[in-house]
Amino acid sequence: MSDTVFAQTAAEARGVSKIYGSGDSATTALNNVDLQIGAGSLTAIMGPSGSGKSTLMHVFAGLDNATHGTVSIGDTDITHLDDNALTVLRRRKLGFVFQAFNLVPTLSVLGNVTLPFELDGRKPTAAELSWVRELLGRLGLGMLEARRPHELSGGQQQRVAIARALAMRPQLIFADEPTGNLDSRSSREVLTLLRDLTREYQQTVVLVTHDPVAASHADRVIFIADGAIARDVVGRSDAKTLSDIILSLEVTA
Ligand SMILES: Nc1ncnc2c1ncn2[C@@H]1O[C@H](COP(=O)(O)OP(=O)(O)OP(=O)(O)O)[C@@H](O)[C@H]1O
């Protein structure tokens with residue numbers, strides 16, 4: 001079920017299947033998935049528990065190998081990259097935001113956001129540092145760069161994690177339940193921010209979520225059921241519509 005709604009493709013899965021185990025204990029987590037993620041879009045992935053959302057994200061991020069099919073990030077077919085090449089690709093071309101923030105408690109906000117450069121074995125250039133400071137300002141963290149994570153609210157910590165994910169200007173950001181630990185006001189702020197980033201910086205974001213309110217911020221919602229794309233809803237949808245689709249998939253699961 002591919003589409004050409006967005007002019008450019010940031011990532012693509014072609015005929016991707018993932019089978020865990022073998023013989024009687026084999027589980028087909030993904031079954032022949034074709035999916036193009038449009039550049040500069042916010043795409044949500046929803047689906048019942050065990051439907052294959054995490055597996056799809058892991059296969060896209062090169063954290064897990066597809067059993068069949070190919071996955072591309074930008075122009076790079078990652079299917080046959082070795083572990084070293086995948087690690088470098090993940091560091092430079094992908095950003096991750098998780099429910100648990102995963103900030104380093106001993107580092108300041110600035111230290112956390114520039115960590116991807118340290119992990120890449122170098123210091124940020126002057127231009128990169130200026131980009132990081134622009135990001136911190138844009139995310140409302142400009143005055144907080146010397147603080148440690150424990151001196152920030154949950155919403156502020158998640159914004160630091162988003163700044164860190166954006167620091168190396170990755171082609172694609174994966175956000176896995178990024179608002180799972182936030183109250184509704186901070187959640188709304190973080191989701192609005194992710195959406196705004198796609199507009200302002202043509203950033204591509206893939207959001208994996210159970211929450212129809214979170215998915216209602218997306219430009220497109222992909223529903224996975226039994227390892228396959230069950231629905232592909234292009235355009236913004238309200239939370240009630242998304243919730244009804246999820247319920248119908250759970251009933252038929
Ligand atoms: N390492 C693994 N070994 C065996 N089976 C696995 C493994 N990882 C996932 N699975 C199975 O693959 C299927 C898809 O799992 P996946 O974690 O992708 O679902 P999900 O949609 O992310 O679920 P949830 O919403 O509960 O996190 C499930 O049946 C799961 O039990």
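Just so you know, the residues in each chain are numbered from 1, in the order the chain's sequence is written. Confidence filtering applies because this is a predicted model: local features only for residues at pLDDT of at least 70, side-chain atom pairs given and counted only at 80 or more, and all residues used for totals across whole chains, interfaces and linings.

For the protein, the name recorded in an unreviewed UniProt entry is ABC transporter ATP-binding protein, with Subtercola lobariae as its organism.

**Considerations on the overall build of the protein**
Strands are runs of DSSP state E lasting at least 2 residues, helices are runs of H or I lasting at least 4, and numbering of each runs from the N terminus. For the protein, the count of helices and strands is nine helices and 10 strands. By definition, residue pairs are in contact when their C-beta atoms, positioned from the backbone, come within 7 Å. Considering only intrachain contacts with a sequence separation of at least 6, the fraction spanning at least 24 residues in the protein is 69%.

**So, the sheet that holds strand β3 (residues 42–46)**
Pairing in this open sheet of six strands is mixed, and the strands run β6-β7-β8-β3-β9-β10 from one edge to the other. The strands lining the two open edges of the sheet, one partner per strand, are β6 (94–98) and β10 (228–234). Pairwise comparison of adjacent strand axes, ignoring direction, gives a mean angle of 20 degrees for this sheet. The sheet contact formed by strand β9 (residues 220–225) and β10 spans six bridges and is antiparallel. Following DSSP output, two strands are said to pair if at least two bridges run between them. Fitted lines through C-alpha atoms give the axes, limited to the stretch in contact for helices. The angle between two N-to-C directions lies from 0 to 180 degrees.

**Remarks on the UniProt feature "domain: ABC transporter" (unreviewed entry) in the protein**
The residues that UniProt annotates with the feature "domain: ABC transporter" (unreviewed entry) are residues 11–251. Measuring from the first to the last C-alpha atom of residues 11–251 gives 31 Å, for a span that is 37% helix and 26% strand. UniProt positions are given in the numbering used here, feature names are shortened, and annotations may be inferred rather than shown by experiment.

**Digging into the nonpolar core**
As a rule of thumb, nonpolar side chains are buried together in soluble globular proteins. Each nonpolar core reported here comprises buried Ala, Val, Leu, Ile, Met, Phe, Trp, Tyr and Cys residues connected via C-beta atoms within 7 Å. Between the buried cut of 20 or more and the exposed cut of 12 or fewer other C-beta atoms within 10 Å of a residue's own C-beta lies the partly exposed class, and all C-beta atoms are placed from the backbone. Counting residues in each nonpolar core, the largest one holds 66 residues, and the members touching the most others are Ala163 and Leu207. In terms of residue count, helix α6 (residues 154–166) provides more of this core than any other element does, six residues in total. Apart from the residues within four sequence positions on either side, Ala163 is in contact with Val113, Leu135, Leu136, Leu139 and Leu141.

**Concerning the site of the ligand**
Close to the ligand lie Tyr20, Gly21, Thr27, Ala29, Gly47, Ser49, Gly50, Ser51, Gly52, Lys53, Ser54 and Thr55. Sorting the residues of the shell around the ligand by element identifies β2 (27–38) and α1 (53–60) as the ones contributing at least two each. Polarity classes work like this: nonpolar for Ala, Val, Leu, Ile, Met, Phe, Trp, Tyr, Cys and Pro, charged for Asp, Glu, Lys and Arg, and polar for all others, with Gly in that last group. Partitioned by chemical class, the residues of the shell around the ligand number two nonpolar, nine polar and one charged. Using a C-beta atom placed from the backbone, a residue is scored as near a molecule or strand whenever that atom is within 6 Å of it.

**Topic: the environment of Phe117**
Topologically, Phe117 is positioned in helix α4 (residues 115–119). Assessed through the 18 C-beta atoms surrounding it within 10 Å, Phe117 is described here as partly exposed. Through-space distance from the C-alpha of Phe117 to that of Met168 is 7.5 Å; in sequence the pair is 51 residues apart. Excluding residues within four positions of it along the chain, Phe117 makes contact with Arg122, Lys123, Pro124 and Glu128.

**Re α1**
The set of residues buried in α1 consists of Lys53, Thr55, Leu56, Val59 and Phe60. Within α1, the buried residues cover an arc of 165 degrees as seen down the axis, which keeps them to one side. At its buried positions, α1 is contacted by β1 (9–20), β2, β3, β4 (68–73), β8 (204–208) and β9. After α1 finishes, the residue Gly62 shows a positive phi value of roughly 70 degrees. Think of the arc as the fan of directions from the helix axis to the C-beta atoms.

**Remarks on the confidence of the model for the protein**
Do not read the predicted coordinates in detail wherever pLDDT is low. The pLDDT averaged across the protein works out to 92; a share of 97% of its residues lies at or above 70. Across the whole predicted complex the pTM is 0.91, and at the interface the ipTM reaches 0.97. A residue's pLDDT is simply how confident the predictor is in it, with values from 0 to 100.

**Examining the sheet that holds strand β5 (residues 76–77)**
One open sheet accounts for four strands, arranged β2-β1-β4-β5; its pairing is antiparallel. Looking at strand neighbours, the two that pair on one side only are β2 and β5, the edges of this open sheet. Of the pairings in the sheet, the one linking β4 to β5 comprises two bridges and is antiparallel in character. Across the sheet, residue Ser72 finds its bridge partner in β5, namely Asp77.

**Topic: the environment of Ala13**
Tracing the backbone shows Ala13 in strand β1. The exposure class of Ala13 is buried, given the 23 C-beta atoms found within 10 Å. Sequence separation between Ala13 and Ile78 is 65 residues, and the spatial gap between their C-alpha atoms is 10 Å. If we ignore the near neighbours within four places in the chain, the residues touching Ala13 are Val33, Asp34, Leu35, Phe60, Gly69 and Val71.

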